[in-house]
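# Breakdown of the fold
Each chain, letter by letter, is given below.
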Amino acid sequence: MIELNKIKKTVAWSALKYICPGTVVGVGTGSTVSYFIEALSTIKHLIHGAVSSSCYSTKILKQFGIPIYDLNTISFLKTYVDGADEINPDMYMIKGGGAALTQEKIISSVADTFICIIDESKKVKKLGSFPLPVEVIPMAYSYVSNELIKLGGIPKYRKNVITDHGNIIIDTYNLQINDPVSMENKINSLPGVVTVGLFTLRTADIVLVGTKFGVDVIKNK
């Protein structure tokens, strides 16, 4: 665990080179991102502030004295930095382990450049080993769960978790995600679904992969 944390910290700090002075930075959620926020605090005098994807990240940003901006109040977001629970060779991702998938999808869609910071364990050939999170309006829980079963999944309510928007998370196990784009569109179209943790329409532009030998850089073609 100590070695993994060291790798996460190294890859998080490596993202600083992609931050442009005088801009607002989009900040994701997760353990690796927490290290990035720590790194970002060392250049906070060079940036205007941050747009945060969760109450959790907002709390850490404020602790480091980094100003918080509402996404609706800025006209341009140069860079968004976030992690992933899984990422395949096409740069398609599963995100939402921290229950902030909706905000993450919104901010990443607005950003000019999406920098994904991960440790090498998150790289997979095929998505689906990590249970797919789906944010759902509470009254739609039963309906959406039944639809996920029809897709071959095993839905499980994430206990004791309410999203920042007051919704629930259904973690979907056993899905065969052979066509991630189609799966994202299909689940997103279900009434009551706020969003699904598949990121195929907005992929990462640059993936920084932390390894025990250093940081690998993968650029989207």
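Here's a quick rundown of the structure. Counting from 1, residues in each chain are numbered in the order their sequence is written. In keeping with the model being predicted, local features are shown solely for residues with a pLDDT of at least 70 and side-chain atom pairs are shown and tallied solely at 80 or more, while totals for entire chains, interfaces and linings include all residues. Side-chain metrics rest on all non-hydrogen atoms present in the structure, leaving aside hydrogens and water.

### Details of the sheet that holds strand β9 (residues 168–173)
What counts here: Note on pairing: DSSP must find at least two bridges between two strands before they are called paired. Where helices and strands are cited, they refer to DSSP runs of H or I of at least four residues and of E of at least two residues respectively, numbered from the N terminus. Under this scheme, a helix contributes an axis fitted over its contacting stretch, all axes are lines through C-alpha atoms, and angles between N-to-C directions fall in the 0 to 180 degree range. For this analysis, residues touch if any pair of their heavy atoms sits within 4.5 Å.
Pairing within the open sheet is antiparallel, and its four strands lie in the order β8-β9-β7-β10. The open sheet has two edge strands with one neighbour each: β8 (154–157) and β10 (193–196). Across the sheet, the mean angle from the axis of one strand to that of its neighbour is 30 degrees, orientation sign disregarded. Pairing analysis gives four bridges linking β8 to β9, with the strands arranged antiparallel. Note on β9: the bridge partner recorded for K156 is D171. Along the sheet, helix α4 (residues 101–110) makes contact with β7 (132–136), β9 and β10, crossing β10 at roughly 65 degrees. Running at roughly 165 degrees to β10, helix α6 (residues 180–188) makes contact with β7 and β10 of the sheet.

### Notes on the packing of helix α2 (residues 31–40) against helix α3 (residues 55–63)
Short version of the rule: Orientation categories follow fixed angle ranges, with anything under 35 degrees roughly parallel, anything over 145 roughly antiparallel, 65 to 115 roughly perpendicular, and all other angles oblique. Note on convention: near helix rotated counterclockwise from far helix by under a right angle means a left-handed crossing. Clockwise means right-handed. Each residue gets one label: Ala, Val, Leu, Ile, Met, Phe, Trp, Tyr, Cys and Pro are nonpolar, Asp, Glu, Lys and Arg are charged, and the others, such as Gly, are polar.
Contact geometry for α2 and α3: axes closest at 10 Å, N-to-C directions at 25 degrees. Between α2 and α3, the crossing angle belongs to the class labelled roughly parallel. Regarding α2 and α3, the two cross each other, and that crossing is right-handed. The residues of α3 that touch α2, namely those facing S34, I37 and L40, are Y56, S57, I60 and L61. Within the contact of α2 with α3, the residues separate by chemical class into five nonpolar, two polar and no charged.

### Re α2
The following threshold applies: Exposure categories follow from relative accessible area, calculated using a 1.4 Å probe and restricted to protein chains: below 20% of the type maximum is buried, above 50% is exposed, and the middle band is partly exposed.
Across the ten residues that make up α2, a large majority, seven, are buried. Those residues of α2 lying buried are T32, V33, S34, F36, I37, A39 and L40.

### Examining the layout of surface pockets
Note the threshold: As defined here, a cavity is a set of points on a 1 Å grid over the protein atoms alone where a 1.4 Å probe fits but cannot get out. A pocket is an open set with protein on both sides within 12 Å along at least five of seven lines, and residues line them when an atom is within 4 Å of a point. Grid points are joined across faces, edges and corners, and a volume is the space filled by probe spheres set on the points.
Volume-wise, the largest pocket comes out at about 300 Å³. Lining the largest pocket we find 16 residues, and of these V51, S52, L71, Q103 and I107 sit closest to its centre. When residues of the lining of the largest pocket are traced back to their parent elements, those giving at least two are β2 (49–52), α3 and α4. For the lining of the largest pocket, the element with the most residues is α4, which contributes three residues. Considering only residue class, the lining of the largest pocket consists of seven nonpolar, seven polar and two charged.

### Examining the pairing of strand β13 (residues 214–219)
It is a general feature of regular strands that their side chains alternate between the two faces of the sheet. In this sheet, β13 lies alongside strand β12 (residues 206–211) in antiparallel orientation, the contact comprising six bridges. Looking across to β13, one finds that L208 is bridged to V217. Hairpin geometry of β12 and β13 is characterised by an intervening segment of two residues between the two adjacent antiparallel strands.

### Concerning the nonpolar core
In a soluble, globular protein the nonpolar side chains are often hidden away together inside. Here is the rule we go by: The term nonpolar core refers to a set of buried residues drawn from Ala, Val, Leu, Ile, Met, Phe, Trp, Tyr and Cys, joined through side-chain atoms within 4.5 Å.
Residues I19, V27, F36, L40 and I117 are the most contacted members of the largest nonpolar core, which totals 23 residues. Among the secondary structure elements, those contributing two or more residues to this core are α1 (2–14), β1 (24–27), α2, α3, β6 (113–119) and β12. If you tally residues by element for this core, the top one is α2, at five residues. Beyond its immediate stretch of four places on either side in the chain, I117 contacts V11, A12, A15, T32, V33, F36, V81, D82, G83, A84 and L208.

### Topic: the pattern of salt bridges
In plain terms, the rule: Salt bridge, as used here: a side-chain nitrogen of Lys or Arg that lies within 4 Å of a carboxyl oxygen of Asp or Glu.
A full pass over the atoms with the stated rule returns nine salt bridges. Here D119 makes a salt bridge to K122, at a shortest N to O gap of 3.7 Å. Comparing D119 with K122 shows no difference in burial state: the two are buried. Linking R158 and D171 is a salt bridge whose minimum nitrogen-to-oxygen distance equals 2.7 Å. Linking R158 in the loop between β8 and β9 with D171 in strand β9, this pair joins segments that are 13 residues apart in sequence. The same class applies to R158 and to D171, which are both buried. When salt bridges that share partners are traced, they join D82, K95 and E104 into one network.

Remember, this is a structural readout, not a statement about activity or role.
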